[in-house]
Amino acid sequence: MASSLAHSPELSVVVPMYNEEASLPLLVEKLLAALRPLGRSFELVLVDDGSKDGTPAVLRDLANRVPELVAVLLRRNYGQTAAMAAGFDASGGEVIITLDGDLQNDPADIPLLLTRLEQDNLDLVSGWRHQRQDGAINRLLPSLVANRLIARVTGVRLHDYGCSLKAYRREVVSDMNLYGELHRFLPALAFIEGARIGEVRVSHQARLYGRSNYGIDRTFRVLMDLLTVWFMKRFLTRPMHVFGFAGLLSLMAGLAIALWLAGEKLLLGTDIGNRPLLQMAVLAILSGVQLFSFGLLAELQMRTYHESQGRPIYRVRATLRGGG
């Protein structure tokens, strides 16, 4: 039986949870049943995201009885992304497994992810719930549309971005900073950092306890986060390319209109004071200057972001030296 050791474990299972009092004991039982036969050292990092039910009390009780369990109790409800980041920070494993705490992800599928991760030498393996046990209108259809849109925008072709069951190598997680609600875009963020990504089919169970904490309103948050990820993928290290280019186009258009109006005024004596084109020219010139200024500020912010954290703008997978 694997148990928590003084040194860092091989595997860390990170589970963010909110109001999962009923499912928590069975979840831990299933996780132990799936992980102990592997013969690897592991830890269960269960993060309570400010639950309003008895989840913290159950976690405290389980922590006294299960040596592999690490309970992280957040002061209030911060959201799944923050809870997952807290779990990553508290974990010490070389491989990190994530899954939801509602028992819809089956812990018995964890060995499948580990096998794919190690046999194909990948950095991240994502689960694909190919037979989802959710409502067709409120969950399946929005998810299908979102998955195709995210895959097209980010360039990372996965069938199921929303599946929380994933396996990461430690170095990939260490390279990513999570904000907002970016947890569903972790494969895209890892891809930006140069990760090799794979996918495996996993089972999906109907929810046994409680109700889902997700609503249709999350669709709008997904779209906003998708714009953020798209910008990070394309312009994180060169924001001037987008702001400067847009500003230059706007400035040139404004100046062209202004020159045209000036020619009409000087050569034809036309009254241009009340012309909508004059207002458009002024607006385009001001917008161009502002966008160009945004580009310069973004360049400075980007440099501060990388230099203050000692983050290079590249990632090295390996360094091979002859004669070693």
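Values in this document were obtained by computation on a predicted structure and should not be read as measured data.

Q: Report on the overall build of the chain, specifying residues and quantitative values.
A: A tally of helices and strands in the chain yields 10 helices and 7 strands. By sequence separation, contacts in the chain at least 24 residues apart represent 81% of the contacts at least 6 residues apart. Put simply, the chain shows about 17,500 Å² of open surface, and 59% of that area lies on carbon and sulfur atoms.

Q: Outline a nonpolar patch on the surface, listing residues and values.
A: On the surface, a cluster of nonpolar side chains totalling about 360 Å² of accessible area is made up of L149, L223, M224 and L227. With 3 residues, helix 8 (residues 218–235) is the largest single contributor of residues to the nonpolar patch.

Q: I'd like a rundown of the nonpolar core, residues and numbers included.
A: With 33 residues, the main nonpolar core has L24, V28 and L44 as its most contacted residues. Those elements that provide at least two residues to this core are strand 1 (11–17), helix 1 (24–35), strand 2 (42–48), helix 2 (55–65), strand 4 (95–98), helix 4 (110–119) and strand 7 (197–202). Of the residues forming this core, the biggest block, 6 residues, is contributed by helix 1. V28 has contacts with L44, L46, L62, V66 and L69, leaving out every residue within four places of it along the chain. V14, V156, L158 and A195 belong to the second-largest nonpolar core, a separate cluster that totals 31 residues.

Q: Break down the sheet that holds strand 7 for me, citing the residues and quoting the values.
A: Strand order across the open sheet formed by 7 strands is 3-2-1-4-6-5-7, with mixed pairing between neighbours. Only two strands of the sheet have a single partner each, and these edge strands are strand 3 (69–73) and strand 7. Neighbour-to-neighbour, the strand axes of the sheet open up by a mean angle of 20 degrees, direction not taken into account. One ladder, built from 4 bridges, connects strand 1 with strand 4; its direction is parallel. Bridge assignment links L11 to a residue of strand 4, and that residue is V95. Strands strand 1, strand 2 and strand 3 of the sheet are contacted by helix 1, whose axis makes an angle of about 160 degrees with strand 2.

Q: Outline the pattern of salt bridges, listing residues and values.
A: Applying the stated criterion across every chain, the model contains 7 salt bridges. For R40, the salt bridge goes to E118, with nearest N and O atoms at 2.8 Å. Separated by 78 residues along the polypeptide, R40 in the loop between helix 1 and strand 2 and E118 in helix 4 bring together distant segments of the chain. The closest approach of N and O atoms between R275 and E264, which form a salt bridge, is 2.8 Å. Of this pair, R275 sits in the loop between helix 9 (240–268) and helix 10 (276–309) while E264 sits in helix 9, placing them 11 residues apart in sequence.

Q: Can you tell me about the packing of aromatic side chains, naming the residues and giving the values?
A: Applying the stated criterion to the full structure yields 2 aromatic pairs. Seen from their ring centres, F88 and Y168 are 5.9 Å apart, and the 70 degrees between their planes marks the pair as edge-to-face. Of this pair, F88 sits in helix 3 (residues 80–90) while Y168 sits in strand 6 (residues 166–169), and the two are 80 residues apart along the sequence. The residues F88 and Y168 share a single accessibility class, namely buried.

Q: Which residues make up helix 1, and what values do they have?
A: For helix 1, which comprises 12 residues, the first-to-last C-alpha distance of 16 Å matches the rise-based estimate of 16 Å (1.5 Å per residue) to within 8%. Taken together, the buried positions of helix 1 are L24, L27, V28, L31, L32, A34 and L35. Down the axis of helix 1, the sector holding all buried residues measures 165 degrees, keeping them to one side. Opposite the packed face of helix 1, turned more than 90 degrees from it, sit the exposed residues E29 and A33. Its buried side turned inward, helix 1 meets strand 1, strand 2, helix 2, strand 3 and helix 4.

Q: Account for the side chain of D49, with residues named and values stated.
A: Within the fold, D49 resides in the loop between strand 2 and helix 2. Buried charge without a partner: D49 forms no salt bridge, and the closest opposite charge is R76, 7.2 Å away. Among the polar contacts made by the side chain of D49, one reaches the main-chain amide nitrogen of G79 at a distance of 2.9 Å. Those residues in contact with D49 that lie beyond four places of it in its chain are M17, Y18, L74, R76, N77, Y78, G79, Q80 and A83.

Q: I'd love a proper account of unusual backbone geometry, names of residues and values included.
A: What you tend to see is this: most non-glycine residues have negative phi, and most peptide bonds are trans. Even without being glycine, L103 reaches a positive phi, approximately 70 degrees. Notably, N121 is not glycine yet its phi reads approximately 50 degrees, a positive angle. If you trace the backbone, N121 turns up in the loop between helix 4 and strand 5 (124–129).

Rules used throughout
- Residues numbered from 1 in each chain as written.
- Predicted model: local features only at pLDDT ≥ 70, side-chain atom pairs only at ≥ 80, totals over all residues.
- Heavy atoms only, no water.
- Helix = DSSP H or I, 4+ residues; strand = E, 2+ residues; numbered from the N terminus.
- Contact = heavy atoms within 4.5 Å.
- Areas by Shrake-Rupley, 256 points an atom, 1.4 Å probe, with all protein chains shown as cover.
- Patch = residues over 30% accessible without salt bridge, like charges linked within 9 Å, V, L, I, M, F, W, Y side chains within 5 Å.
- Salt bridge = Lys/Arg side-chain N within 4 Å of Asp/Glu carboxyl O.
- Core = buried A, V, L, I, M, F, W, Y, C linked by side-chain atoms within 4.5 Å.
- Buried < 20%, exposed > 50% of the residue type's maximum accessible area, 1.4 Å probe, protein only.
- Pairing = 2+ DSSP bridges.
- Axes fitted to C-alpha atoms, helices over the stretch in contact; angles between N-to-C directions.
- Phe/Tyr/Trp six-rings, centres within 6.5 Å; stacked < 30°, edge-to-face > 60°.
- Expected span 1.5 Å × (residues − 1).
- Arc of directions from axis to C-beta.
- Lys, Arg positive; Asp, Glu negative; His and termini not counted.
- Polar contact = N/O pair within 3.5 Å; in protein donor to acceptor, adjacent residues only side chain to side chain.

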